[in-house]
Amino acid sequence: MNLALEKMTVEIDLMQNATYIVKDGHLTVVDTPPKGFGKQVISWQNGKPSHYELNYSNKL
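Parameters at a glance
- Residues numbered from 1 in each chain as written.
- Predicted model: local features only at pLDDT ≥ 70, side-chain atom pairs only at ≥ 80, totals over all residues.
- Heavy atoms only, no water.
- Helix = DSSP H or I, 4+ residues; strand = E, 2+ residues; numbered from the N terminus.
- Pairing = 2+ DSSP bridges.
- Salt bridge = Lys/Arg side-chain N within 4 Å of Asp/Glu carboxyl O.
- Buried < 20%, exposed > 50% of the residue type's maximum accessible area, 1.4 Å probe, protein only.

1. Some remarks on the environment of Ile-12
With respect to the secondary-structure elements, Ile-12 resides in the loop between strand E2 (9–11) and strand E3 (20–23). With 19 residues separating them in the primary sequence, Ile-12 and Asp-31 have C-alpha atoms 16 Å apart.

Here it is, written out as structure tokens:
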């Protein structure tokens, strides 16, 4: 990830599967499920993402 402060832009790798959150000019990569299958739930408050939760299950 490359950061250019004068433009407030960032370069990301589009070949990497990921979920990103941008809040107040800061980019955060959301954690992925450690194994198996999962989901990411992002909660919002006052028009901004406030927190996220990560749930996963294991395939047998």
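2. Quick notes on the pairing of strand E4 (residues 26–29)
Bridge analysis of E3 against E4 gives four bridges, and the strand direction is antiparallel. Each residue of the ladder has a partner; that of Ile-21, found in E4, is Thr-28. Hairpin connection from E3 to E4: two residues lie between these consecutive antiparallel strands, with Asp-24 at a positive phi of about 50 degrees.

3. Details of the pattern of salt bridges
For the structure shown, the criterion picks out one salt bridge. As a salt-bridge pair, Asp-24 and Lys-48 come within 2.8 Å of each other at their nearest N and O atoms. Of the two residues, Asp-24 is situated in the loop between E3 and E4 and Lys-48 in strand E6 (residues 48–57); the sequence distance between them amounts to 24 residues. Note on Asp-24: relative accessible area 54%, which makes it exposed.

4. As for unusual backbone geometry
Backbone geometry places Asp-24, a non-glycine residue, at a positive phi of 50 degrees. One non-glycine residue with positive phi stands out, namely Asn-46, at about 55 degrees. With respect to the helices and strands, Asn-46 occurs in the loop between strand E5 (37–45) and E6. A relative accessible area of 76% places Asn-46 in the exposed class.

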